[in-house]
Amino acid sequence: MGKTSLIKRIRLGSDYNFSVVCDKDELFSWVNSKVSSKAGMENPVEPYVKATKQFYWISIFKEIVKEAPELKSVKAYLKHYAAKEKRVLSGLKEWAVPNLKARNPFTSVAAGLVNVLTKSSEPDFERARKDAEEFLDSRTVVILIDNLEKYLLKNPNQFKALSGLIMSAVEFSGQKNNITVKCFIPAEYYTQLENHIDNFGKISPNRITLRWKDRELLSMLCKRLGFELYRNGHIEWLDLSEFEDVGKALSFWKQYFPTTVLNQPFDVYEPVFPYILRHTQLTPRQVVQLCSKIVERVPSFPTQSVDGKAIREGIKGWEGELCTEVLSSFQEIFPRAAEFCTQYLRNLPLRFRLSDLQTHVYEEMNTRGEEQSQYNLERMFFDMGIIGEGVPLL
């Protein structure tokens, strides 16, 4: 189950009877409009936390008015901050504040009038919030935030906004017992944020690391494949929930994929599903993409099942794309990762131990005068999945 699917499941879960999905792009746009663009890494994160919490309430307001349009304070606040009006007011305020003490008296007076008028016309946020709290008093609320596709962590404001998101999620959840915030952060960026957020100890107990097991990935693939075959008229309707059982999922999988595939470099036959998973980072998106590339090699699928040649060619044609994606995602943390892997790992065997790196790679680096520390290298290897503990599959 991917993050988007997990969000859908949480929304449908019985633990919560009032769910709010925050628009991630709108959230960051809101925060950036509330915090000065001149803010840098040295500035406190509190303004970002405050702005994010306010956006949580605005998102809650939007859901409340669908059920209770009679809540006038909530409705008035939302109307005031409608997208078009908000941009106009933000533009006026942005112009007015720095011109309050302008040398030109006409400019100064105009800025003062704009500042007073925009303040006086703003509905009472606290009143709307209190009314919303009363409305939600008997509800269990969950606020869900999917992750952005790309974070620009070299941008100080983006970095602070993401830090504010994490801290606000913890603080907001702790303020009211019936409200929970769940946000999703890619692991490679979370690691970097961990080193820069003050009071990280308050956040770490609330962290949950998502990992997908091979059985869950098999179940997910069979459900997707079964639905696609049904939708295109290849099979009759079947109960997709049956694929929660690994035995039934494997039985269905083997109708369209072979049992084993030849691993040509080692000249041995391997079970197909572990072989496919081994060429991914065990994420649903990557597994789906790879299986799609494999099936594309069989034009008459599903009339004709997939064979070993299609699996090998599909993997070979997709590996370069995956490597580029993985290395790019770590660009902020390990900017020379692609260069390093190409230069130092090319001559290592397909299966190697950490001791091989210490013996051969570090020695070659010393010869070349490279100064990157051993700790940072090993962290890079583990974070990127170049090395790790082997686990049995299925």
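Residues numbered from 1 in each chain as written. Predicted model: local features only at pLDDT ≥ 70, side-chain atom pairs only at ≥ 80, totals over all residues. Heavy atoms only, no water.

A few words on a nonpolar patch on the surface. A contiguous nonpolar patch, built from Phe 227, Tyr 230 and Trp 237 and spanning about 340 Å² of accessible area, is present on the exposed surface. With respect to the helices and strands, Phe 227 occurs in helix α10 (residues 214-231). (Patch = residues over 30% accessible without salt bridge, like charges linked within 9 Å, V, L, I, M, F, W, Y side chains within 5 Å. Areas by Shrake-Rupley, 256 points an atom, 1.4 Å probe, with all protein chains shown as cover. Salt bridge = Lys/Arg side-chain N within 4 Å of Asp/Glu carboxyl O. Helix = DSSP H or I, 4+ residues; strand = E, 2+ residues; numbered from the N terminus.)

By size, the foremost hydrophobic cluster in this structure holds 51 residues, and its most contacted members are Trp 253 and Ile 311. Looking at this core, the elements with two or more residues in it are α10, α11 (246-253), α12 (272-277), α13 (284-296), α14 (308-329), α15 (337-344), α16 (354-368) and α17 (374-383). Not counting chain neighbours up to four residues away, the residues in contact with Trp 253 comprise Leu 218, Leu 221, Cys 222, Val 272, Phe 273, Ile 276 and Cys 291. Grouped together as the second largest cluster of nonpolar side chains are 41 residues, Leu 27, Trp 30, Phe 61 and Leu 71 included. (Core = buried A, V, L, I, M, F, W, Y, C linked by side-chain atoms within 4.5 Å. Buried < 20%, exposed > 50% of the residue type's maximum accessible area, 1.4 Å probe, protein only. Contact = heavy atoms within 4.5 Å.)

A few words now on the sheet that holds strand β3 (residues 179-183). Here we have 3 strands laid out as an open sheet, ordered β1-β2-β3, and parallel in their pairing. Among the strands making up the open sheet, the edge pair consists of β1 (18-21) and β3. Taken over all neighbouring pairs, the strand axes of this sheet differ in orientation by 15° on average, direction set aside. Of the pairings in the sheet, the one linking strand β2 (residues 141-145) to β3 comprises 5 bridges and is parallel in character. Each residue of the ladder has a partner; that of Val 142, found in β3, is Thr 180. (Pairing = 2+ DSSP bridges. Axes fitted to C-alpha atoms, helices over the stretch in contact; angles between N-to-C directions.)

This part takes up α15. Of all the positions in α15, only Ala 337, Phe 340, Cys 341 and Tyr 344 are classed as buried. When α15 is viewed along its axis, its buried side chains cluster within an angular range of 95° and face the same direction. (Arc of directions from axis to C-beta.)

Among the residues of helix α2 (residues 24-34), Lys 24, Leu 27, Phe 28, Trp 30 and Val 31 are the ones counted as buried. The arc enclosing the buried residues of α2, seen along the axis, measures out at 155°, which places them on a common side. At the N-terminal boundary of α2, the capping side chain belongs to Asp 23, with an oxygen 3.1 Å from the backbone nitrogen of Asp 25. (Polar contact = N/O pair within 3.5 Å; in protein donor to acceptor, adjacent residues only side chain to side chain.)

With the rule as written, the count across this model stands at 14 aromatic pairs. Look at Trp 57 and Phe 172: their rings are 5.5 Å apart centre to centre, the planes differ by 65°, and that puts the pair in the edge-to-face class. Of this pair, Trp 57 sits in helix α3 (residues 46-67) while Phe 172 is found in helix α8 (residues 156-175), placing the two residues 115 residues apart along the sequence. Here Trp 57 matches Phe 172 in class, with each residue buried. Ring plane angle 65° and centroid distance 5.4 Å describe the contact between Phe 252 and Tyr 256, whose orientation is recorded as edge-to-face. Residue class for Tyr 256 comes out buried when judged on its relative accessible area of 8%. Counting every residue linked through ring pairs, the aromatic cluster contains Tyr 56, Trp 57, Phe 61, Tyr 77, Phe 125 and Phe 172. (Phe/Tyr/Trp six-rings, centres within 6.5 Å; stacked < 30°, edge-to-face > 60°.)

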